[in-house]
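Residues per chain, in single letters:
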Amino acid sequence: METEFIPFSLPSIGEEEINEVVDTLRSGWLTTGPKTRQFEEEFAQYVGVKHAIAINSATAGLHLSLEALGISEGDKVVTTTYTFTATAEVVRYLGADPVFVDVDPITANIDIEKLAGVLEKIEGIKAIIPVHFAGQSCELDKITQLAKKYSVGVVEDSAHAFPATYNGKKIGTFSEATVFSFYANKTITTGEGGMITTDNDALAERVRVMRLHGINRDVFNRYHSRKPAWYYEVVAPGFKYNLTDIAASIGIHQLRKAEALRNRREQIAQVYNEAFKDLPLELPRNVRETDVHSWHLYVVRIKANPRDISRDRFIELLAEKNIGSSVHFIPLHLQPYWRDHYGLNSSDFPVAQGIYESAVSLPNFADMTDVQVNRVISAVREIFESCS
Ligand SMILES: *Cc1c(COP(=O)(O)O)cnc(C)c1O
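Brief notes about the pattern of salt bridges
Alright, step 1. Enumeration according to the criterion identifies 25 salt bridges in this entry.
Alright, step 2. A salt bridge links Lys114 to Asp111; its shortest N-O distance comes to 3.8 Å.
Alright, step 3. Here Arg313 ties to Glu316 by a salt bridge, and the two come within 2.8 Å at their closest N and O atoms. Taken together, the positions of Arg313 and Glu316, both in helix α10 (residues 311-320) and 3 residues apart, correspond to about one turn of that helix.

Spelled out as structure tokens, the structure:
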């Protein structure tokens, strides 16, 4: 019997997104312009922040934010080992060096005591990049306190956390800069894309200039201001990080659906948690009930079990049942570049190492049908229950 493959993730694209893209394609303006401006305005309004600046990836957004904070050669930036390589690579773009710390055993977010330890011990740290793993916000009050105490900047890697809150306030309103991702499998998507939010006018200005070649007016402005249309000034060797209006067209409608998509993912997570509670799995939960968790990822951890099923075997068995899954993350201390360049050892990151060895991300996306959710549940239960 053929069963349909259930992917680990799938974007939710409706007729609204398709029609908006078609409208843009027919409009004659494809690159950064009115649709990007609209997306930025609506995003800023939703988050409740002064500036939302669209870029073509979260990686670009992290790079621009650190650049605007003045991070440069010889500086150090703290982040965790339990993240995607983009979080750390942007530090290298600027000639600075990441300092990796271990994570909290429940949330896989940065371990606050270890963060305090490196801020106290290591000279030259200029910024912290907390990562809101899976969509659970970090302890931003403690991070903000530490940042103040040691006079370092904070750039949040919020690639997973949209929409999400901390202490009742939306993620995107806390730090010098917060960076969201609209990569294809993220909570909302533009195919590729991202957004920086900030209340800091100077940082916003620098990011806007540097996202487009260091030109002091963006292309749209150039055609709508009193100066002659052909005139522009280059004030720095900037980057090419602007979002297209084609992508923004998708984003405008994804933003409007963001809460509905999140609600469905949370509901799926709750159904999974109920169905798996007697299995040898450590289940994800929202550690602060009053906070909105984006549920970008639903990550279980395989515990010791009678059939001795390892994480790798579990993934193979799911694949045999035509169910996709993934691992978030292979920690950076295991990646050849980071490991060798900085001489990192697993023994320095015991918590991240332990999570990595047992973690599996199960399918959780808004368009999953109840039938698909039940197929995942049956498959997972069969793997642990079958006595063969
Ligand atoms: C996806 C992701 C990024 C990079 O996002 P892009 O938009 O693809 O550049 C950065 N950090 C984390 C934690 C991510 O999961």
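From this point, things continue past the structure.
Focus: the sheet that holds strand β2 (residues 76-80)
Alright, step 1. The strand order across the open sheet built from 7 strands is β1-β9-β8-β5-β4-β2-β3, with neighbouring strands paired in mixed fashion. If you trace the sheet from one side to the other, it starts and ends with β1 (51-55) and β3 (97-101), each paired once. On average, each strand axis in the sheet is inclined to that of its neighbour by 25°, with strand direction left out of account.
Alright, step 2. In the packing of helix α3 (residues 58-68) onto the sheet, the strands contacted are β1, β4 (125-128), β5 (153-157), β8 (177-181) and β9 (194-198), and the crossing angle to β8 comes to about 165°.

Quick word on the sheet that holds strand β12 (residues 359-362)
Alright, step 1. If you trace the 3 strands from one edge of the open sheet to the other, you get β10-β11-β12, paired in antiparallel fashion. Each of the sheet's edge strands pairs with one partner strand only, and the pair in question is β10 (281-282) and β12.
Alright, step 2. Along the sheet face, helix α12 (residues 350-358) touches β11 (298-302) and β12 and points at about 50° away from the line of β12.

Things to note about the nonpolar core
Alright, step 1. The biggest cluster of nonpolar side chains holds 41 residues, and the ones touching the most others in it are Phe39, Phe43 and Ile143.
Alright, step 2. Of all elements in the fold, only α2 (34-47), β1, β3, α5 (112-121), β4, α6 (140-150) and α9 (245-275) reach the threshold of two or more residues within this core.
Alright, step 3. Residues in contact with Phe39, not counting those within four places in the same chain, are Phe182, Thr190, Met195, Leu243, Ala248, Gly251, Ile252 and Leu255.
Alright, step 4. Within the second largest apolar cluster, 28 residues are counted, among which are Val300, Ile323, Phe365 and Val380.

Some thoughts on α6
Alright, step 1. Three or more residues of α6 are buried, namely Leu140, Ile143, Leu146 and Ala147. Along the long axis of α6, the arc covered by the buried residues comes to 125°, so they all point the same way. Exposed residues on α6 whose side chains face more than 90 degrees from its buried face are Gln145, Lys148 and Lys149.
Alright, step 2. Tucked inside the fold, the buried residues of α6 contact α5, β4, β5 and β6 (165-166).
Alright, step 3. Phi turns positive, to about 50°, at Ser151, one or two residues after α6.

Quick look at the domain arrangement of the protein chain
Alright, step 1. When the domains of the protein chain are assigned, the result is domain 1 (15-257) and domain 2 (259-385).
Alright, step 2. Computed over C-alpha atoms only, the centres of domain 1 and domain 2 are separated by 26 Å.
Alright, step 3. Listed by partner, the interface residues are 45 residues for domain 1 and 38 residues for domain 2.
Alright, step 4. A buried area of about 3200 Å², summed over both sides, lies between domain 1 and domain 2, and 58% of it is on carbon and sulfur atoms.
Alright, step 5. Put simply, domain 1 and domain 2 have 0 salt bridges between them.
Alright, step 6. Our count for the domain 1 to domain 2 interface comes out at 25 residue pairs in polar contact (both at pLDDT 80 or more).
Alright, step 7. Sorting the residues of the side of domain 1 that touches domain 2 by element identifies α4 (85-93), β3, β6 and α9 as the ones contributing at least two each.
Alright, step 8. The class makeup of the residues in the side of domain 1 that touches domain 2 is 21 nonpolar, 15 polar and 9 charged.

Basis of the calculations
Residues numbered from 1 in each chain as written. Predicted model: local features only at pLDDT ≥ 70, side-chain atom pairs only at ≥ 80, totals over all residues. Heavy atoms only, no water. Salt bridge = Lys/Arg side-chain N within 4 Å of Asp/Glu carboxyl O. Helix = DSSP H or I, 4+ residues; strand = E, 2+ residues; numbered from the N terminus. Pairing = 2+ DSSP bridges. Axes fitted to C-alpha atoms, helices over the stretch in contact; angles between N-to-C directions. Contact = heavy atoms within 4.5 Å. Core = buried A, V, L, I, M, F, W, Y, C linked by side-chain atoms within 4.5 Å. Buried < 20%, exposed > 50% of the residue type's maximum accessible area, 1.4 Å probe, protein only. Arc of directions from axis to C-beta. Domains from an automatic or database assignment. Buried area = accessible area lost by both parts, 1.4 Å probe. Polar contact = N/O pair within 3.5 Å; in protein donor to acceptor, adjacent residues only side chain to side chain. Nonpolar A, V, L, I, M, F, W, Y, C, P; charged D, E, K, R; others polar.

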